[in-house]
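Examination of the molecular architecture
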Amino acid sequence: MTASPLISLQSVSRTYRTEGVAVAAVRNVSFDIAQGEIVAVMGPSGSGKSTLMNMIGLLDLPSEGAVYLQGADVADLSEDRRSALRARSIGFVFQSYNLLARHDAIENVALPLVYCGISRKERLARAEASLQAVGMLHRARHFPRQLSGGEQQRVAIARALIASPLIVLADEPTGALDSRTGAEILALFAALNRTGQTVVMITHDPGIATQCRRTIHLHDGELVSDETVTQLLPRRSATS
Amino acid sequence: MTMLQGFQIALHALRLNPLRSFLTMLGIVIGVASIVTVFAIGSGAQLRLQEQIRSIGANVLMITPGAVYQGGVRLKDGSKLTMTESDVQAILEQIPEIQAAAGSIAGTAQVIHEGKNWNTTINGTTSGHFLVRDWQLAAGRSFSATEESGAGKVVILGSTVARELFASGDDPIGAQIRIMKVPLEVVGVLDRKGPAQDDVAFVPLTTAKLRFLGSASNINRDSVAYIIAKVAADGQMAGARAEIENLLRQRHRIPAGQEDDFKVQDPAAAMEAQQGAIRTVALLLVAIASVSLLVGGISIMNVMIVSVTERTREIGIRRALGGRMRDIRLQFLCEALVLCLLGGAIGVAGGVTLSMTVARMAGWITSIDGQAIGLSLVFSIATGLIFGFYPAHKASKLSPIEALKTE
Ligand SMILES: Nc1ncnc2c1ncn2[C@@H]1O[C@H](COP(=O)(O)OP(=O)(O)O)[C@@H](O)[C@H]1O
Ligand SMILES: [Mg+2]
């Protein structure tokens, strides 16, 4: 691998302590993510995928070990600095879309830019471009409840992309969608990656995972495999 | 995030739930409206008193009837006219500090001029009255000596009466008016002195006794209802007062130890004391109104806490998308501030309307005071900051991961 690592995890563990009981959600995980990669993170429910994602996305800090973003230990950054980086450098996509119900699509897409100190006019102009990129510009003034699940997820992806982030983190983005819509969303991520966008995607659908060049498997918080295929498998038709 | 964006988000959120927003700010609305109204009525009352103090004239003493005993029974103050015209004369001649003095009797009657009529105070007095009160004539002249001694059929009008009886082009001087069927010639019109003072018509004391009020049983030929006297200088008020008291006790033959049958008052001083009392009452009312503001603040805090709980997921989303803790705090603080400011503005409008209505209906003078309005708005902002801070702080402290997990 020639690219310098965008993200580097070194012996990362995350332990939750609730009522005296320690739950190790992530144990001693190390790997790098290079600029331009698309990575699938797989594992059964409760294996620590979301916990790992939260640390990569600067929402959480490791109990042990370190997460480096472009060479900087994120634990050394202030809470405000991590927030600023989330606004500018991280794009989140969630399983349940997480759009603000009381704002229309374009306002939702523009939201991260509010926290980048960008004027409303420019926010809306960039949100339009972002909606255009996911094919949702015609629904700009629609509210989330007026959109289907797949459309909401497209709007959420437009929001994740608006600040031109270093990395897009998607936590089971197709988990709430039917397989056909899920495949469309997956195709969208693949297309984004072809333009150079780094993407990390959590999934427990092996069919989706095979669309990614690299797959990381977690089990009980531990990394059990990290495989990169040089040859993409021929795309299988979606199972219904 | 800027303050402006904070306010935009706040307005957006509050518009989505207009009824709830309005009910939330109701306490502030009522509190601010009460404060503005109390201030308006209070300072109106102050103004009215100040005007009265000015209208009495500087350094004026007023002598009114006091206690009267009849067969060992003390009668109500003023139930008998105990002062006489000779008392006036004695005060004027024997007390050097007194510059001018006049006795008066007064009643109300209908004043008629060519189809127009007006109910007003008829004051029978002497030309000394105008000297005591520093009251100038706007037109015409005062009573002449012969009119004063011979019950001349003349009248001097206060400006309100002149305005009510005469059209603006008409010259009242020389015109005939009628009071209780007696025709009188208008010889003078007085300067304006204030709405409460100008509604009066003066006739010579002798005229009043002989032609209007003489039939009243408690009036004998020499008596007057009250005396006003002007003291030459401010520092001589106390001395002059004591001398008048001595003189009148002598003249009325009041034995040592018995209560005076008259009272010497310094109306300006009495009114100043009254002014202090009004201030105290107004402050008390403002304090009570502030409790409403406090309750309003608590209600805002309550609703904001509920709102933060309801919007936990929104907070999580905003945090994940780059909102800093202080951005979340600012957002909710702005909401509380907007509620309070809007409530304050509605309250000011309500208070102004209410005090103007009171002014019209009760005939009180009210004065809308920019300072009171400013103060109420400052109070509103302070309430918003104080009671909005805790919910906003609570919101900012939420863990984004936990917040995103809530339904
Ligand atoms: N806030 C928390 N407190 C305690 N335990 C937690 C918390 N969050 C996650 N866990 C535990 O950590 C483990 C990993 O959770 P998670 O990362 O959400 O798994 P996945 O996303 O792979 O389903 C689970 O056993 C879960 O119960
Ligand atoms: Mg998960």
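Above this text you will find the structure in question.
This write-up is about the structure you can find in this document. (Residues numbered from 1 in each chain as written. Chains lettered and ligands numbered in written order. Predicted model: local features only at pLDDT ≥ 70, side-chain atom pairs only at ≥ 80, totals over all residues. Heavy atoms only, no water.)

1. A few points about the overall build of chain A
Going by this rule: By definition, any uninterrupted DSSP run of H or I lasting at least four residues is a helix, any uninterrupted run of E lasting at least two residues is a strand, and each is numbered from the N terminus. Our radius of gyration looks at C-alpha atoms and nothing else; its globule reference is 2.2 Å times the residue count to the power 0.38. The contact criterion used is simple: two residues touch if any of their non-hydrogen atoms lie within 4.5 Å. Each accessible area value is a Shrake-Rupley result obtained with a 1.4 Å probe; residue values ignore everything except the protein chains displayed when judging cover. In summary, the charge assignment counts Lys and Arg as positive and Asp and Glu as negative, without counting His or the chain termini. To locate a charge, take atom NZ for lysine, CZ for arginine, CG for aspartate or CD for glutamate.
Tallying secondary structure elements over chain A gives seven helices and 10 strands in all. A compact globule built from 240 residues would reach a C-alpha radius of gyration of about 18 Å, and chain A, at 18 Å, matches this within 12%. Along the three orthogonal principal directions, the C-alpha set of chain A runs to about 45 × 45 × 45 Å. The contacts in chain A between residues at least 6 apart in sequence include a share of 71% that link residues at least 24 apart. Carbon and sulfur atoms make up 49% of the accessible area of chain A, which amounts to about 10900 Å² in all. Separation between the mean location of the 24 positive side-chain charges and that of the 23 negative ones in chain A comes to 8 Å.

2. Examining the pattern of salt bridges
Note the following rule: What counts as a salt bridge is simple: a side-chain nitrogen of Lys or Arg found within 4 Å of a carboxyl oxygen of Asp or Glu. Each residue's exposure class comes from its accessible area (1.4 Å probe, protein chains only) as a fraction of the maximum for that residue type: buried when under 20%, exposed when over 50%, partly exposed otherwise.
All told, the structure shown has 25 salt bridges over all chains when counted by the stated rule. The closest approach of N and O atoms between glutamate 37 of chain A and arginine 214 of chain A, which form a salt bridge, is 3.0 Å. Here the residue glutamate 37 of chain A occupies a position in the loop between β2 (21-34) and β3 (38-42), and arginine 214 of chain A occupies one in strand β9 (residues 214-219), the gap between them amounting to 177 residues. By relative accessible area, which is 5% here, arginine 214 of chain A ends up buried. The salt bridge involving glutamate 164 of chain B is made with arginine 163 of chain B; its shortest N-O contact spans 4.0 Å. For glutamate 164 of chain B, a relative accessible area of 30% translates into the label partly exposed. Taking the relative accessible area as the measure of exposure, arginine 163 of chain B reaches 49% and is therefore partly exposed. When salt bridges that share partners are traced, they join Arg102 of chain A together with Arg311, Glu314, Arg318 and Glu335 of chain B into one network.

3. Notes on the sheet that holds strand β1 (residues 5-18) of chain A
Residue and element names in this part refer to chain A. Here is the rule: Each pair of strands is called paired provided DSSP finds at least two bridges between the two strands.
Strand order in the open sheet formed by four strands is β2-β1-β4-β5, and the pairing between neighbours is antiparallel. Of all strands in the sheet, those bounded by a partner on one side alone are β2 and β5 (72-73). As judged from the two bridges shared by strand β4 (residues 64-69) and β5, these two strands associate in the antiparallel manner. In the sheet register, tyrosine 68 faces β5, and the bridge partner there is aspartate 73.

4. With respect to the site of ligand 1
Put simply, the test is: Near, as used in this document, describes a residue that has one of its heavy atoms within 4 Å of the molecule or strand being considered. Think of a polar contact as two N or O atoms within 3.5 Å of one another; within protein, one of them needs to be a possible hydrogen donor and the other a possible acceptor, and neighboring residues in sequence only count if both atoms come from side chains. Ten residues, namely Ala, Val, Leu, Ile, Met, Phe, Trp, Tyr, Cys and Pro, are considered nonpolar, four, namely Asp, Glu, Lys and Arg, are considered charged, and the remaining ones, Gly among them, are considered polar.
Around ligand 1 sit Tyr16, Ala25, Pro44, Ser45, Gly46, Ser47, Gly48, Lys49, Ser50 and Thr51 of chain A together with Glu402 and Lys405 of chain B, and those are all the residues in its vicinity. In this structure, ligand 1 sits where chains A and B come together, each supplying nearby residues. One of the side-chain N or O atoms of serine 50 of chain A is found 2.7 Å from an oxygen atom in ligand 1. At a separation of 3.2 Å, a nitrogen atom of ligand 1 approaches a polar side-chain atom of lysine 405 of chain B. With the chains in place, 71% of the 560 Å² that ligand 1 exposes on its own is no longer accessible. Looking at the shell around ligand 1, the elements that each hand over two or more residues are α1 (49-56) of chain A together with α13 (400-405) of chain B. By residue number, the principal contributor to the shell around ligand 1 is α1 of chain A, which donates three residues. Tallied by class, residues from the shell around ligand 1 come to three nonpolar, six polar and three charged.

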